[in-house]
Amino acid sequence: MEAPALNVIGFAAALGLGLLIGSERERNKGQGPDRQVAGVRTFTLTSLAGAVALTIGELTLIAIGLTIGLMVVVGYQRTRGRDPGMTTEIALITTFLLGAWATRQPALAAGVAVIVAIILAARSRMHDFVQNVLTDQELHDALILAAAALVILPLVPDRTIDPWQVINPRKLWTLSIFVMAINAAGYVAYRTLGAQLGLAVAGFFSGFVSSTATIGAMGTRAKAQPALRNGAVAGAALSSVTTVLKLFLVVGLTSMTVLRELYIPLIASGIAALVYGALFTLRNVRDKDPQAELGGRPFDPKEALIFVAVVGLTLLVSAWLTAWLGSNGLLLASGFAGFADAHAPAVSAASVGANGNVSVRLAVIAILIAFTTNTLSKIVVAFSLGDRRYAFAILPGLVLMVACAWAGFYADLLLELLA
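Computed from a predicted model, the values in this text were never measured in an experiment.

## A closer look at the overall build of the protein chain
Then step 1. Counting its secondary structure elements, the protein chain contains 17 helices and 0 strands.
Then step 2. A buried classification covers 43% of the 419 residues belonging to the protein chain.
Then step 3. Summarising the internal contacts of the protein chain: among those between residues at least 6 apart in sequence, 75% fall at separations of at least 24.

Laid out in structure tokens, this is it:
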């Protein structure tokens, strides 16, 4: 009883997607002898033909597919003199395949059909964007990013290669992709939202991927275009807010007991970062520097590699110091791990605090130490990738964020003693 019901759903999906794509093509079909070869009826019937053919059998699907392909070739020969494009012909073949697919996976086939219809309807906008909006440099950088993520990344070994087991080429290359993607996101946000808000918004959301990488990417932007410095500082400062938000999340999921001891330092630190980023955002909005024109390129691959080299060197030095000092204590381990990431040592410290292996107070101190050393890494990255004015502009915000965290910790401790 279930098979016919599934076939009914598949045929309904094939009918719907044929009507959807065919309706879009009908609007661009034209009139008279110069009209396109297919409209709403042809697309709907083609989709249903795919569903019927696959239901009968795979050989029937192949035979009907070849027949439709032959008819598409004949139709293209008739229209290519006035319209050399093949969009309608390719869309017709795609509709046939989607109609067949709908009998197996109707939801996915319908979803792909919606995407196809959107692509067809956005013809003018896409052509205008590629030809008149997108520059050659932007297209070149987009291809570099795609190659780095889709071609090179799968080939990079996913194992540690150093004596201390801390350098993983796959993770470092992934980090370099994040840096390039963050810079590209800032570039897109800038072009979309303008000079006053673009970098600040991009910095905040990029911080959820990596605040350190965001600070480095914003430093690169500020160094290449000094007129964008205020916006870059705003984005860098706001990215640190996400570090605090993520600490709230990971510590809370690990141990609510530790979070109750840590929430005052985190709130104080988060407010400091938010206020500092907001001040630079307002300053950027107020100044409205006419020279703050977006130029250059979405990202510089060399800068991303420099950032990864700094992170890798920091990891090696931290691991070497740990081996040399011979200490596996929680505070030392958290401090060294914090140079690379504040959240992993926070989870570790919260876990041992929750298990009772160490006191909750000691676990909180370990998390704050990791938070502090992670901020030191951000400062190193800011000076490494940004110019001096950018680094010194972001420095007070980072120091204030750490100072407020420790002040909140000692204030909470003092309140407990007084109580």
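## Some thoughts on the nonpolar core
Then step 1. Counting 42 residues, the largest nonpolar core has Val233, Val251, Leu262, Ile367, Phe371, Tyr390 and Ile394 as the members making the most contacts within it.
Then step 2. For this core, the secondary structure elements donating two or more residues are helix H9 (198–206), helix H10 (211–224), helix H11 (229–254), helix H12 (256–287), helix H15 (343–355), helix H16 (360–385) and helix H17 (388–418).
Then step 3. Per-element accounting of this core gives the leading share, 10 residues, to H11.
Then step 4. Apart from the residues lying within four places of it in its own chain, the contact partners of Tyr390 are Ile215, Met218, Gly219, Ala222, Arg229, Ala232, Val233, Ala236 and Ala382.
Then step 5. In terms of nonpolar packing, the next biggest core, distinct from the first, is built from 22 residues, Ala14, Ala38, Phe96 and Ala109 among them.

## Concerning a nonpolar patch on the surface
Then step 1. A surface patch of nonpolar side chains, amounting to about 440 Å² of accessible area, comprises Leu197, Val201, Phe205, Phe208 and Leu245.
Then step 2. Relative to the elements of secondary structure, Leu197 occurs in the loop between helix H8 (169–193) and H9.
Then step 3. On the basis of relative accessible area, Leu197 is assigned to the partly exposed category, the value being 42%.

## A short note on the packing of H10 against H11
Then step 1. Remark: H10 packs on H11, axes separated minimally by 9 Å, with the N-to-C direction vectors making an angle of 180°. The pairing of H10 with H11 is recorded here as roughly antiparallel in orientation. Facing Ser211, Thr214, Ile215, Met218 and Ala222 of H10, the residues of H11 in contact are Arg229, Ala232, Gly235, Ala236, Ser239, Ser240 and Thr243.

## Quick notes on the packing of aromatic side chains
Any two aromatic rings considered together are summarised by their centre-to-centre distance and by the angle between their planes.
Then step 1. Here the structure, examined in full by the defined rule, presents 5 aromatic pairs.
Then step 2. Put simply, the rings of Trp406, Phe409 and Tyr410 pair up and form one aromatic cluster.

## Some thoughts on the environment of Asp158
Then step 1. Position of Asp158 relative to the elements: it lies in the loop between helix H7 (136–152) and H8.
Then step 2. As a C-alpha pair, Asp158 and Asn168 span 10 residues in sequence and 6.3 Å in three-dimensional space.
Then step 3. When sequence neighbours within four positions are dropped, the list of residues in contact with Asp158 reads Asn168 and Arg170.
Then step 4. Polar side-chain contacts of Asp158 include one of 3.1 Å to the side chain of Asn168.

## Describing the packing of H10 against H16
Then step 1. The geometry of H10 relative to H16 is characterised by a closest axis approach of 8 Å and an angle of 20° between their N-to-C directions. With respect to each other, H10 and H16 are oriented roughly parallel. Viewed along their axes, H10 and H16 form a crossing whose handedness is right-handed. Residue-level contacts link Ser211, Thr212, Ile215, Gly216, Gly219, Thr220 and Lys223 of H10 to Asn374, Lys378, Val381, Ala382 and Leu385 of H16.
Then step 2. Residues belonging to the contact of H10 with H16 are distributed by class as follows: 4 nonpolar, 6 polar and 2 charged.

## Things to note about the pattern of salt bridges
Then step 1. Summed over the entire model, instances satisfying the criterion amount to 3 salt bridges.
Then step 2. The residue Glu24 makes a salt bridge to Arg25 at a minimum N-O spacing of 2.8 Å.
Then step 3. Exposure remark for Glu24: the relative accessible area of 11% places this residue in the buried category.
Then step 4. The residue Asp387 makes a salt bridge to Arg229 at a minimum N-O spacing of 2.9 Å. One end of the pair, Asp387, is in the loop between H16 and H17; the other, Arg229, is in helix H11, and 158 residues separate them in sequence. By the burial criterion, Asp387 is buried, and Arg229 matches it.

## Describing the confidence of the model for the protein chain
Then step 1. With 79% of its residues at a pLDDT of at least 70, the protein chain reaches an overall mean of 80.
Then step 2. For the protein chain, helix H13 (residues 301–325) is the element with the lowest average pLDDT, namely 65, and helix H2 (residues 40–56) is the one with the highest, namely 91.
Then step 3. With pLDDT under 50 throughout, residues 1–6 is counted as low confidence; its partners more than four residues away or in other chains account for 0 contacts.
Then step 4. Low pLDDT, under 50, characterises residues 289–294; the stretch is placed with 14 contacts to residues that sit more than four places away or in other chains.

## Some words on the environment of Phe204
Then step 1. Position of Phe204 among the secondary structure elements: in helix H9.
Then step 2. Look past the residues within four positions of Phe204 in its chain and what remains in contact with it is Gly235, Leu238, Ser239, Val241, Thr242 and Leu245.

About the cut-offs
Think of each chain on its own: its residues are numbered from 1, step by step along the sequence as written. Only residues with pLDDT of 70 or above have their local features reported here, since the model is predicted, and side-chain atom pairs are shown and tallied only from 80 upward, although totals for entire chains, interfaces and linings are computed over all residues. As a convention, hydrogens and water are excluded, and side-chain values are obtained from all of the structure's heavy atoms. Helix and strand assignments come from DSSP, with helices taken as H or I runs of at least 4 residues and strands as E runs of at least 2, each series counted from the N terminus. Three labels apply to residues, based on accessible area from a 1.4 Å probe with only protein chains included: buried if under 20% of the type maximum, exposed if over 50%, partly exposed otherwise in between. Any two residues having at least one pair of non-hydrogen atoms within 4.5 Å are treated as being in contact. What we call a nonpolar core is a set of buried Ala, Val, Leu, Ile, Met, Phe, Trp, Tyr and Cys residues that are connected through their side-chain atoms within 4.5 Å. Any residue with relative accessible area above 30% and no salt bridge may belong to a patch, with like charges joined within 9 Å and the nonpolar Val, Leu, Ile, Met, Phe, Trp and Tyr side chains within 5 Å. Residue burial considers only the protein chains on display, and all accessible areas are found by Shrake-Rupley using a 1.4 Å probe. The salt bridge definition used is simple: a Lys or Arg side-chain nitrogen within 4 Å of an Asp or Glu carboxyl oxygen. The axes are straight lines fitted to the C-alpha atoms, using for helices just the contacting stretch, and the angles between their N-to-C directions are given from 0 to 180°. In what follows, roughly perpendicular refers to angles from 65 to 115 degrees, roughly parallel to angles under 35, roughly antiparallel to angles over 145, and oblique to any angle outside these ranges. Only rings of Phe, Tyr and Trp enter the pairing, Trp through its six-membered ring, and a pair is recorded when the two centres are within 6.5 Å. The plane angle decides the type: under 30 degrees is stacked, over 60 is edge-to-face, the rest tilted. N or O atoms closer than or at 3.5 Å make up a polar contact, with two conditions inside protein: a donor-capable atom paired with an acceptor-capable one, and, for residues adjacent in sequence, both atoms drawn from side chains. Note: crossing handedness is left-handed where the near helix turns anticlockwise from the far helix by less than a right angle, and right-handed where it turns clockwise. Charged residues are taken to be Asp, Glu, Lys and Arg, nonpolar residues to be Ala, Val, Leu, Ile, Met, Phe, Trp, Tyr, Cys and Pro, and polar residues to be all remaining types, Gly included. As a per-residue measure, pLDDT reflects the predictor's confidence and takes values from 0 up to 100.

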